[in-house]
Structure formats: structure tokens, C-alpha cells
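# What the coordinates show
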Amino acid sequence: MDKLQSLRGMVDLLPEQTAIWQQVEAAARSQFHRAGLAEIRTPLLEATELFARGIGTSTDVVGKEMYSFEDRGQRHCTLRPEGTASVVRAALQHGLLNKGPQRLWYTGPMFRYERPQAGRQRQFHQLGVELLGFADPRSDAEAIAIAWDLLTALGIGNLALEINSLGDACDRSHYRSVLVEWLEARRDQLDPEAQGRISTNPLRILDSKNPETQALLAAAPLLGDCLSASSQQRFERVRQALDRLEIPYQLNPRLVRGLDYYTHTAFEITSSELGAQATVCGGGRYDGLIEQLGGSPTAAIGWAIGLERLVLLLQAAVAPAMHPLAAAQVYVISRGEAAELQALALARTLRQAGCRVELDLTAAAFAKQLKRADRSGASWALLIGEGEIEQGVVILKDLRLSTEQRLPPELAIGELVARFCDAGPQPFSSPTA
RNA sequence: GCGGGCGUCGCCAAGUGGUUAAGGCAGCGGCUUGUGGUGCCGCCAUACGGGGGUUCGAAUCCCCUCGCUCGCCCCA
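Residues numbered from 1 in each chain as written. Chains lettered and ligands numbered in written order. Predicted model: local features only at pLDDT ≥ 70, side-chain atom pairs only at ≥ 80, totals over all residues. Heavy atoms only, no water.

In terms of helices and strands, chain A carries 16 helices and 16 strands. For chain A, the C-alpha radius of gyration of 29 Å lies well beyond 22 Å, the compact-globule estimate for 433 residues. Judged by the C-alpha coordinates and their principal axes, chain A covers about 95 × 55 × 45 Å. Long-range pairs, those at least 24 residues apart, make up 69% of the contacts in chain A with a sequence separation of at least 6. (Helix = DSSP H or I, 4+ residues; strand = E, 2+ residues; numbered from the N terminus. Rg over C-alpha atoms; globule rule 2.2 N^0.38 Å. Contact = heavy atoms within 4.5 Å.)

Written out as C-alpha cells, the structure is:
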């Protein structure tokens, strides 16, 4: 196949798709606005080192999924595989945290070199929230609530929230040694994947999907048992807050996220309707990251929603009720040089007055143009031919009733504007409206 | 990186060794001259993802390759 086509895993969003994306973006903006979040936009390209230091070199994302290359100045560059590291970098670079805690949101494409499958592309889009400089357990609940409420507001059901606490750095290294010791004693019962991970990233063995490994793990020591008293207490308060918000959740002691920077609260929102890639939203607290990237110790929590997955759910749930494409209200037809120019001008006048107008740009016969008018979904047509130009009138035709009247252009415009005068585009109105 | 499924016109889709690759939708042209939605007629893949091979003969069999897709891994 030598046809030009998009790169593997890089997906075009066609006009009939973009409407639903715009709806999601609008809902998110509204939600974030009400929550007092400000938008931040960072470059798609960052120094490779940012992700190596931020996400952790033993993670799959950094180890084998990054789009990395050297630019012409021999700089090591990487297309961002996630948003948090960039946001933290930007906050530090511009001293945002010196002004106090930051409540931020972002959206945009991320890149991971993986094998595409349902709900997973190489370029995908995330919508994320980062609350920098907040340590209070209520901030965990607030962050989760923002995500939960956004998904709910969009009409997505069948969602499950799972949470766990990974403790602080101390708890984790303590648990890590306990777990490694336990795993080593059973090394020969583990699958090869898991065996390799004992030394590289033992915690990740916990959410292995290998059934035999899982069976064995049922008896493994739990992270929760290694948490310090204060970590446990903290987690307890997060749960209380969620209870108070009446956000249902399940404790999942095996939930371990794939990025190294997470501490304390980790969570995922999943849907059973997504196939293998069930996570719509994932996030957690990262109290050590900011310091690790050169800032002073600062607590923070954040999450990201996978927009492709969200759109998949929306299409399954509510999209059929939507009319993504806005049909024109008026279709303008003309024949003959003078008429064509007048049509061009009248279409513009109508648009300036707030009507959705489609102008036929062909010189085809009236029958042809009328046929297109009909298919466009417009309910009114404006016809101008040589005869009309001579008489100084236009034909205003009701395509539904098949009635028409000849009248001066100003009156026809006035008639249409009175009917469709709403200013501004109306992306989701029904074509028949 | 590893497995499974698939790959015929813009879309859907027949066709599983024999000289014409169905059909539907969309598109284009026409059916009295400047009036649509239905109807009727016509046009629309020397071509079956690409490359080799088997055969007298292949879209149909074999091999390789590319792509899509689902799953593993991982994650949003």
C-alpha cells in the first residue's frame, strides 16, 4: 500500500466526530470554571530528562513507550507521554508556586509508542487536573469529585471508582522489601513477566492479570498493612470525605499505578463498556514529584481522563440523541453572473445577522441546486435568477411547504432574520429546527 | 515486542480456481426550456492492500510484506 495515510496509531477526527469532542471540551471548561481551575498549556515537546526523572526510568512508559529523538541541536527531546511532569515543570520554571497553591487543568495530545487497540492510540488526548500545593485529604476528595462530576454530567453511567493508598516513600520502601522477600520465596511459582519484575518494579506484580499469579498473590502481604499510622489515618480521612460527598468507591488494595511518582491516594475510574482498556480516568497524589523535579517539597494531586475513551462511552450512551452537524437554515441558489454576485452578498448579510447559510457555489441548473438545497436539510431557500435581477426581487421559498413568494431582497432578508435571528452558531441544534 | 481475526469501488457488500468482479447507498449525467424531495434511464473497480509463487487459468491456493482490528503487556 503506497497510498499516503496517517501514521499507525495516529487518528484523524473527521467532521462528524469533532462535534462530540467540542461538547466534551465545553462541558469540561464549564466544570473547571466552576471549580476555580485555570487552564495551562505547555509544549508537546520536552527534554527527555523531564520524563525520565519525573515518571521513573523503571516504568514501561519511559522504558519503551516514548517518542524520543535528537533535534538538530543534539538535544534529547520527547513528545510528552503524559501531562503532569510538564505542568509541574512549567509551574517551577515560572515560579507559580511562589504565589501560592495552584489549581490547574490542561488538555491536549499525548504520545506513547504502543500497539494500538480499542481505546488506545499512539497519539491520544488527555484532559487533566493538577492541584499543586494541597496536602489536605479533602483535596484528594475534591479532585476526585471534579472528575466524577464531569463524567456524570456528561451522562456516562456504569462507572466504578477504585481507590487505594500507596503510603509515603517510607511506607513504600518498607513494603517493597517485605514484598520482595515474600516473592523471592515463591519465585518459581511466578510467571516469567512477574519474575523479571521482582527486581525492577515489584509493586506492579500486584495487578498482574495472569490468573495463576493472581491466585498466588491472594496470600501476599498487602501494602495497606505496611502503612504507617499517619498514612492510614490520612487515607481514612479521604474515604470519609468521599463518603460525605456520596461518591461510591471500592477499595482495591492491589491498585498500583504505573507511574513512579504516586504517593498516598491512587485511584482509577473504570467502565465495563470499554473492553480491555477500561480506565477512563486515573490519578493520584504525587507529594514527592515537585521536589524531585527541583522544587521545594510540595504536596499535590492530579488525574487525567482519556478523551478517546470518554468519547467512546459517550457515543455508546448519549450520542445517538445528538445531531452533530448543524444543517443550514437557508440555502442560497443563483443563476447568472449578476445573480451569483447578489447571492454571495445576501448570504453574507444573512450570516452577519446570525443565520446559518449555505451558498450554492456551482452554476448548475436550478433543479440541481434545489436538489442540493433539499439534501442540505435547510428549510428555506433563496433563489435568484436573471429574471429576478431584472425585476429587483428574489424568490423566498419554503422548502417544506413548497410555497414561494417574490419580494425585494431587503424584505426577504428581514423575513429570514426574523425567523432565525439567534446570534452566533448553534452547533448542536437539530437539522429540522 | 508477542498472539488471534480481517483486508473486493467513498461507504456497505456478493463472489472460495475458469475467459463480463453481483447488488445497495452516496456521487455524476439525463427524463421539455429556470424549481427540489418520489419515480425512470445511463455512468461510476482492466480491478480485488502490496510483492512473489503454484496453475493452462486466481479476488479465490501457498509464501512474504504492509495495513486495520481485537487481545497480552501497559495505561488515559
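That was the structure; now back to the text.
Okay, the nonpolar core next. Counting residues in hydrophobic clusters, the biggest one holds 46 residues, and the most contacted among them are Leu132 and Leu183. Of the residues forming this core, the biggest block, five residues, is contributed by helix H4 (residues 84–93). The contact partners of Leu183, leaving out residues within four places of it in the chain, are Leu190, Ile198, Pro202, Ile205 and Leu217. In this structure, Leu131, Ala143, Ile144 and Leu313 belong to the second largest nonpolar core, which totals 43 residues. (Core = buried A, V, L, I, M, F, W, Y, C linked by side-chain atoms within 4.5 Å. Buried < 20%, exposed > 50% of the residue type's maximum accessible area, 1.4 Å probe, protein only.)

All right, on to the protein's contact with RNA strand B then. Taken together, 51 residues form the shell around RNA strand B, and within it Arg197, Arg204, Gly258, Arg375 and Ser402 come nearest. Looking at RNA strand B alone, sugar and phosphate atoms form 56% of those within 4 Å of the protein. Backbone polar atom of Gly387 to a base oxygen of RNA strand B: 2.6 Å apart, as the coordinates give it. At the level of elements, helix H3 (60–64), strand S6 (123–132), strand S10 (279–285), strand S11 (300–306), helix H14 (366–376), helix H15 (386–391) and strand S15 (394–398) are the ones that each hand at least two residues to the surface near RNA strand B. Examining the composition of the surface near RNA strand B, we find that eight residues originate from one element, H14, more than from any other. Along the lines of polarity and charge, the residues of the surface near RNA strand B split into 15 nonpolar, 13 polar and 23 charged. (Near = heavy atom within 4 Å. Polar contact = N/O pair within 3.5 Å; in protein donor to acceptor, adjacent residues only side chain to side chain. Nonpolar A, V, L, I, M, F, W, Y, C, P; charged D, E, K, R; others polar.)

For the rest of this paragraph, the subject is the packing of aromatic side chains. Any aromatic ring pair is given by two values, namely how distant the centres are and how the planes are angled relative to each other. Throughout the structure, instances matching the rule amount to six aromatic pairs. Judged by centre distance (5.1 Å) and plane angle (40°), the ring pair of Phe32 and Trp105 falls under tilted. Here Phe32, found in helix H1 (residues 15–34), pairs with Trp105, found in strand S5 (residues 102–111); they are 73 residues apart in sequence, far enough to count as distant. Each of the two residues, Phe32 as well as Trp105, counts as buried. Among the aromatic residues, ring-to-ring pairing joins Phe32, Trp105 and Trp303 into one connected group. The side chain of Arg122 reaches across the aromatic face of Tyr113, ending 3.8 Å from its centre. (Phe/Tyr/Trp six-rings, centres within 6.5 Å; stacked < 30°, edge-to-face > 60°. Lys NZ or Arg CZ within 6 Å of the ring centre and 35° of its normal.)

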